[in-house]
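Each chain, written out:
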Amino acid sequence: MIHLMKNSQKRAALEFRQFWYLIKHILPKVLPLNSRNLFRLKNAIRDLRSRGGIQAAGQPMYAQIEPTTACNLTCRFCLNRHLAHPRDHLLYEQFVQILNGLPGLLAINLQGLGEPTMNKDLFKMASEARRRKIYVFTVTNLNLSKKMVCKLADSEFDAINISIESVDPEKYAWYRRGGDIRTVVRNLKLLGNLKKKNGRTFSVGIWTTMTEETIGSIESIFEFASQSGVIERIQTVFLTDKASHVSKYEDALRTQQIADRRAKAKKVRAVLHFLSRKYGILASLVEGKCSWPWSSVYINAQGLLSPCCNIRNRDLKWGDVAEGNIDRAWYGTEWDKLRKGLVTGKPHRACAGCPYV
């Protein structure tokens, strides 16, 4: 692994640059300061101030909404193939209902356990979010047809992120069964060319899941991003070792779980800082204490709510878009129990074995 930078002030500066990047892109969404936008800003402040409390003070300002569970790949770390309903599609009408029920939203990620572009209404959803001045992005494996890449390039997304674990053809194919890194390279080039040709402003990033096998080769992702001429940001996350996920992993993947996450996170952030400066590409590691239940919500392709994307079990009902009152669930007893568990160090059973607790 590259020589580790140990200057904590420089690492803090890297995190600030990430924070400022998001602020810079979201702030225009709340201008001018009319009554609706003032509500969204005040709601975001309430969310941030209530973190660490037992109750949420505001509505969610961020939502991850799953357009579909259908997928063209069978990635080894994804729980998609274990779903009882493997091909659910969120209806456009449900999406509008979600937006109507969450007026405090500043940002939306249209992505879940499936390939988002397999929902025929995906681009219509992005347009509706954009119309409401909500920052909207998605994550795709980019193993797509040329026609679909053209649709992506002409869509209303503020950002399009590509999921890649390795740029080595064999390793890529091992993690993302059915995928081909050469297809990704070809489509990424097309996406960049169309963005330039059409004068579009969406940003393009990479999202990567790190394992013990890939953690030492992160620079190859930066090299790939730099050579693409279009990648602006790299977001990394460790392979989750939440018990509900690990139980579904194959033996070959279990051996790749990150050992000593806290120490590794410190080292990886130092490496990301070094590489970010070297290649001029922003980078971050999503790791640390959970803050989701105070500001964010996950809604799956069936319209069911949950406190985060890692809580997939439905023995507890966290809320249903079809019932019409998302607030009732968000401010409900079960969500408060979950927040209290995170605050007191006695996690809710839904959070059992989660590395972010």
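Residues numbered from 1 in each chain as written. Predicted model: local features only at pLDDT ≥ 70, side-chain atom pairs only at ≥ 80, totals over all residues. Heavy atoms only, no water.

Quick look at the pattern of salt bridges
- Counted according to the given criterion, the structure contains 21 salt bridges.
- A salt bridge links aspartate 251 to arginine 254, with the nearest nitrogen and oxygen atoms 2.7 Å apart. One end of the pair, aspartate 251, and the other, arginine 254, are both in helix α10 (residues 251-254), three residues apart, so they sit about a helical turn from each other.
- Given the relative accessible area of 59%, aspartate 251 is considered exposed.
- Among the ionic contacts, a cluster of salt bridges with common partners joins Lys29, Arg130, Glu156 and Asp158. (Salt bridge = Lys/Arg side-chain N within 4 Å of Asp/Glu carboxyl O. Helix = DSSP H or I, 4+ residues; strand = E, 2+ residues; numbered from the N terminus. Buried < 20%, exposed > 50% of the residue type's maximum accessible area, 1.4 Å probe, protein only.)

Notes on the sheet that holds strand β8 (residues 231-238)
- In space, the nine strands of this open sheet follow the order β9-β8-β7-β5-β4-β3-β1-β10-β11, with mixed pairing throughout. The sheet is open, and its two borders are formed by β9 (282-286) and β11 (305-306), each paired with just one other strand.
- Sheet contacts for helix α4 (residues 122-131): β3 (107-110) and β4 (135-140); angle to β3, the most-contacted strand, approximately 175°. (Pairing = 2+ DSSP bridges. Contact = heavy atoms within 4.5 Å. Axes fitted to C-alpha atoms, helices over the stretch in contact; angles between N-to-C directions.)

What about the packing of aromatic side chains?
- Under the definition given, this model contains nine aromatic pairs.
- Note on phenylalanine 123 and phenylalanine 157: the rings are 6.5 Å apart at their centroids and 75° apart in plane angle, and the pair reads as edge-to-face. Remark: phenylalanine 157 occurs in the loop between α5 (146-153) and β5 (159-163) and phenylalanine 123 occurs in helix α4; sequence separation between them is 34 residues.
- With centroids separated by 5.9 Å and ring planes inclined at 35°, the aromatic side chains of phenylalanine 222 and tyrosine 279 adopt a geometry described as tilted. Of the two residues, phenylalanine 222 sits in helix α8 (residues 218-228) while tyrosine 279 sits in helix α11 (residues 261-279), which places them 57 residues apart along the sequence. (Phe/Tyr/Trp six-rings, centres within 6.5 Å; stacked < 30°, edge-to-face > 60°.)

Side note on the confidence of the model for the chain
- Per-residue confidence for the chain gives a mean pLDDT of 91; residues scoring 70 or more make up 93%.
- Residue range residues 1-12 is modelled with pLDDT below 50. Its contacts to residues more than four positions away, or to other chains, number 20 contacts. (pLDDT = per-residue confidence, 0-100.)

Some remarks on the environment of lysine 171
- Relative to the helices and strands, lysine 171 is located in helix α6 (residues 169-175).
- Take lysine 171: its relative accessible area is 30%, and that puts it in the partly exposed class.
- Residues lysine 171 and threonine 214, 43 residues apart in the sequence, show an inter-C-alpha distance of 9.1 Å.
- Once residues lying within four places of it in the same chain are set aside, the contact partners of lysine 171 are Ser166 and Glu213.

Quick notes on the nonpolar core
- Of all hydrophobic cores here, the largest spans 90 residues; its most connected members are Phe95, Ile108, Leu110, Phe157, Ile164 and Phe222.
- Excluding residues that lie within four positions of it along the chain, phenylalanine 222 makes contacts with Ile234, Leu272, Leu275, Ser276, Tyr279, Ile281 and Ala283.
- Residues Leu113, Tyr175, Val246 and Tyr249 belong to the second largest nonpolar core, which totals 11 residues. (Core = buried A, V, L, I, M, F, W, Y, C linked by side-chain atoms within 4.5 Å.)

Considering the packing of helix α3 (residues 92-101) against α4
- One can describe the packing of α3 onto α4 by two numbers: an axis separation of 10 Å at closest approach and a directional angle of 20°. Judged by the angle between their axes, α3 and α4 are roughly parallel. Of the two possible hands of crossing, α3 and α4 adopt the one that is right-handed. Here α3 contributes Tyr92, Phe95 and Leu99 to the contact with α4, which in turn contributes Lys124, Met125, Glu128 and Ala129.
- Residue classes in the contact of α3 with α4 are distributed as five nonpolar, no polar and two charged. (Parallel < 35°, antiparallel > 145°, perpendicular 65-115°, else oblique. Left-handed = near helix turned anticlockwise from the far one by under 90°. Nonpolar A, V, L, I, M, F, W, Y, C, P; charged D, E, K, R; others polar.)

What about the side chain of threonine 183?
- Its place among the elements puts threonine 183 in helix α7 (residues 181-198).
- Exposure remark for threonine 183: the relative accessible area of 16% places this residue in the buried category.

Some words on helix α2 (residues 35-50)
- With 16 residues, α2 extends 22 Å between its outermost C-alpha atoms, agreeing within 8% with the 22 Å of an ideal straight helix rising 1.5 Å per residue.
- Those residues of α2 not exposed but buried are Asn37, Arg40, Asn43, Ala44, Asp47 and Ser50. Within α2, the buried residues cover an arc of 155° as seen down the axis, which keeps them to one side. Of the residues in α2, the exposed ones pointing more than 90 degrees away from the buried face are Ser35, Lys42 and Arg49.
- Summarising the contacts, the buried residues of α2 are in contact with α12 (292-295).
- Phi for glycine 52, located one or two positions after α2, is positive at around 95°. (Expected span 1.5 Å × (residues − 1). Arc of directions from axis to C-beta.)

As for a nonpolar patch on the surface
- Taken together, the side chains of Trp20, Ile23, Leu27, Leu31, Leu33 and Leu38 present a nonpolar region at the surface, about 530 Å² in accessible area.
- Turning to its location among the elements, leucine 33 is positioned in the loop between α1 (8-26) and α2. (Patch = residues over 30% accessible without salt bridge, like charges linked within 9 Å, V, L, I, M, F, W, Y side chains within 5 Å. Areas by Shrake-Rupley, 256 points an atom, 1.4 Å probe, with all protein chains shown as cover.)

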